[in-house]
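Listed here are the chains, written in short residue letters.
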Amino acid sequence: MVAAYFAAYAHRVCIGYVGDYLSSELRFNDPDLLRSLASSMYFYAYAASQLPTGILLDSLGLALYGSIGFAIAAIGSLIVAFAPTITLVLVGRFLIGFGCGAAFISTQKFIARYLPLRLSAIATGAVLVIGNVGSLYAQYPMVFMAKSLGVRVALAHLALYLGIPALMLPILIGKDGEGSFSERLRETLRSIPKIARDKHTIGVLLSMALAYSTILLLQVIVLRDFLIDKLGLSIARASMLATAFSLGLMTGQLTVGILSDRVVKARKPFAAATHAALSISALYLLTQPGSETEAVLVALLMGLGAAGQMVTVPMAREPWPPSLAASSFSIANMSTFVAAALLQNAAPYILRGGHTRWNYPLVAATMVLLNIVGFFAVVFLTRETAKGSRRRGS
């Protein structure tokens, strides 16, 4: 599951970095449009997969449905890698997004079912660290691979990280869950309307969607191009420096998980602080970096500031029984990737600049506005789950 999530995150980010090379390979003359379309196709498919994936993981079990999802994503990886047209690239990206929808939800199902609640945020943080290793891998290492071995090889090898888990998962986990498939399915379907109408779910949904879509806007598209435009760097050099954001995010997520579970024993302060930090980060897009060193340090701090978003993951599932962990999380996570897809899709049309690749003041204003809404959603709609969830006996 963790290996599949590594690949899922690499797929999520890599088009923003190797999309220029794929565009040249396909002789498509607008690399920014290709990057936007291919990125958003992943997110639309990922979002569409969330609710059915959550329901099927809770009813069919981790081993069976997880294996199916990873196999679909592996096939999509190969289609993208060897596609002769942009149409097939988009088909492959849809399959990748839909199949990868099982990766992170399956880890949350595993954590809820097999680990004590006092490790909930820590375990989630550890999984997210692996995801961000995938993000780092999708940046400079895949750009280097695309330059040296070709973009098709760079994209094709990600199928291994999905195909092997698809084969191994049924062997390692075996049968999981109690009762028949039909019993578990009925229980899950009866519970979904209640979960979806809950004020807490709506608040978490808004926070996840608005924070993560702006994180991805920075990580996948804007930050690398900001460094190219402002410092005159090559794609490879800017990609390497932009990995500082992912390093900060990766470091911060595990740290926040430990603080949330063991020290502060709360989730809401971290979720609210993330929206404030992302709003402050947006202001850097209005400046002219003084040096590469400065840009790297700021990108690192941006990533650290964004790391608190990870607490909304356990917040989404903690109020509900472990048997509904995948479904309850999928409802909130679905909105996250709808918002991410819409923002990625809209970016080339509403955020593109004149003399620069992007209109950075407009990007900054968009990020600030979205995160103000997210901040108030956390404060007024969500409840503290780290304390209240102790009633589940952890």
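Residues numbered from 1 in each chain as written. Predicted model: local features only at pLDDT ≥ 70, side-chain atom pairs only at ≥ 80, totals over all residues. Heavy atoms only, no water.

Overview of the overall build of the protein
Piece 1. If you tally the helices and strands in the protein, you get 17 helices and 0 strands.
Piece 2. When its C-alpha atoms are laid out on the principal axes, the protein stretches across 60 × 45 × 30 Å.
Piece 3. Residue burial in the protein is summarised as follows: out of 394 residues, 59% are buried.
Piece 4. Considering only contacts within the protein whose residues lie at least 6 apart along the sequence, 84% involve residues at least 24 apart.
Piece 5. Split by element, the accessible area of the protein, about 14400 Å² in all, is 70% carbon and sulfur. (Helix = DSSP H or I, 4+ residues; strand = E, 2+ residues; numbered from the N terminus. Buried < 20%, exposed > 50% of the residue type's maximum accessible area, 1.4 Å probe, protein only. Contact = heavy atoms within 4.5 Å. Areas by Shrake-Rupley, 256 points an atom, 1.4 Å probe, with all protein chains shown as cover.)

A short note on empty space enclosed by the protein
Piece 1. Inspection of every chain in the model, using the stated rule, returns 1 cavity of 30 Å³ or more.
Piece 2. Roughly 150 Å³ of internal volume is contained in the largest cavity.
Piece 3. Around the largest cavity, the lining comprises 16 residues; the ones closest to its centre are Tyr-5, Arg-12, Phe-104, Leu-128 and Tyr-212.
Piece 4. When residues of the lining of the largest cavity are traced back to their parent elements, those giving at least two are α1 (2–26), α10 (199–231) and α15 (325–350).
Piece 5. With 4 residues, α15 is the single largest residue contributor to the lining of the largest cavity. (1 Å grid on protein atoms, 1.4 Å probe; cavity = no way out; pocket = protein on both sides within 12 Å on 5 of 7 lines; lining within 4 Å. Points joined across faces, edges and corners; volume = space filled by probe spheres on them.)

Concerning the pattern of salt bridges
Piece 1. Taken as a whole, this structure holds 14 salt bridges when the rule is applied.
Piece 2. Residues Asp-32 and Arg-357 are paired through a salt bridge, measuring 3.0 Å at the closest nitrogen-oxygen approach. Residue Asp-32 is located in helix α2 (residues 31–59), and its partner Arg-357 is located in the loop between α15 and α16 (360–381); the two are separated by 325 residues in the primary sequence. Across this residue pair, the class does not change: Asp-32 and Arg-357 are buried.
Piece 3. Residue Asp-58 is joined to Lys-109 by a salt bridge in which the shortest nitrogen-to-oxygen separation is 2.7 Å. (Salt bridge = Lys/Arg side-chain N within 4 Å of Asp/Glu carboxyl O.)

What about the side chain of Ser-77?
Piece 1. Structurally, the position occupied by Ser-77 is in helix α3 (residues 62–82).
Piece 2. Setting aside residues up to four positions removed in sequence, Ser-77 forms contacts with His-11, Ile-96, Leu-155, Ala-159 and Leu-162.

What to know about the environment of Ile-331
Piece 1. Mapping Ile-331 onto the fold places it in helix α15.
Piece 2. Under the relative-accessibility criterion, Ile-331 is labelled buried at 7%.
Piece 3. Between the alpha carbons of Ile-331 and Ile-105 there is a distance of 11 Å; along the sequence they are 226 residues apart.

With respect to the side chain of Ser-279
Piece 1. Here Ser-279 lies in helix α12 (residues 268–282).
Piece 2. Look past the residues within four positions of Ser-279 in its chain and what remains in contact with it is Val-368, Asn-371 and Ile-372.

Examining the environment of Ala-307
Piece 1. Tracing the backbone shows Ala-307 in the loop between α13 (292–306) and α14 (312–317).
Piece 2. Ala-307 gets classed as buried once you look at its relative accessible area, which sits at 0%.
Piece 3. Ala-307 sits 288 residues away from Gly-19 along the chain, and the two C-alpha atoms are 26 Å apart.
Piece 4. Not counting residues up to four positions away in its chain, the partners in contact with Ala-307 are Leu-249, Gly-252, Gln-253, Val-256 and Thr-274.

Quick look at the packing of aromatic side chains
Piece 1. Tallying each qualifying case throughout the model produces 15 aromatic pairs.
Piece 2. Taking 5.4 Å as the distance between ring centres and 45° as the angle between the ring planes, the aromatic pair formed by Phe-6 and Tyr-137 counts as tilted. Remark: Tyr-137 occurs in helix α5 (residues 120–138) and Phe-6 occurs in helix α1; sequence separation between them is 131 residues.
Piece 3. Relative to Phe-376, the ring of Phe-375 lies with its centre 5.6 Å away and its plane at 85°, an arrangement referred to as edge-to-face.
Piece 4. Through a chain of ring-to-ring contacts, the aromatic side chains of Tyr-5, Tyr-9, Phe-104 and Phe-329 assemble into a single cluster.
Piece 5. For the cation-ring pair, Arg-12 lies above Tyr-46, with the distance from its terminal atom to the ring centre recorded as 5.1 Å. (Phe/Tyr/Trp six-rings, centres within 6.5 Å; stacked < 30°, edge-to-face > 60°. Lys NZ or Arg CZ within 6 Å of the ring centre and 35° of its normal.)

A short note on the packing of α2 against α3
If you want to describe how two helices pack, look at the angle between their axes and the distance between the axes.
Piece 1. The geometry of α2 relative to α3 is characterised by a closest axis approach of 7 Å and an angle of 145° between their N-to-C directions. From α2, Thr-53, Leu-56 and Leu-57 reach across to α3, where they touch Leu-62, Tyr-65 and Gly-66.
Piece 2. Here the contact of α2 with α3 is built from residues that sort into 4 nonpolar, 2 polar and no charged. (Axes fitted to C-alpha atoms, helices over the stretch in contact; angles between N-to-C directions. Nonpolar A, V, L, I, M, F, W, Y, C, P; charged D, E, K, R; others polar.)

Some points on α10
Piece 1. With 33 residues, α10 ought to run about 48 Å at 1.5 Å a step, and its terminal C-alpha atoms sit 45 Å apart, in line with that.
Piece 2. Of all the bends in α10, the greatest, near 50°, is centred on Val-222.
Piece 3. Near the N-terminus of α10, the side chain that reaches the backbone nitrogen of His-200, with its oxygen 2.9 Å away, is that of Asp-198.
Piece 4. Just beyond α10, the residue with positive phi is Gly-232, at close to 65°. (Expected span 1.5 Å × (residues − 1). Bend = angle between axes of the 7 residues up to and from the residue. Polar contact = N/O pair within 3.5 Å; in protein donor to acceptor, adjacent residues only side chain to side chain.)

Topic: the packing of α2 against helix α9 (residues 181–197)
Piece 1. In the contact formed by α2 and α9, the axes pass within 8 Å of each other and the chain directions differ by 135°. The angle between α2 and α9 falls in the class oblique. Taken as a pair, α2 and α9 cross one another with a handedness that is right-handed. Every residue of α9 that contacts α2 at Leu-51, Ile-55, Asp-58 and Ser-59 is listed here: Phe-181, Arg-184, Leu-185, Thr-188, Leu-189 and Ile-192. (Parallel < 35°, antiparallel > 145°, perpendicular 65-115°, else oblique. Left-handed = near helix turned anticlockwise from the far one by under 90°.)

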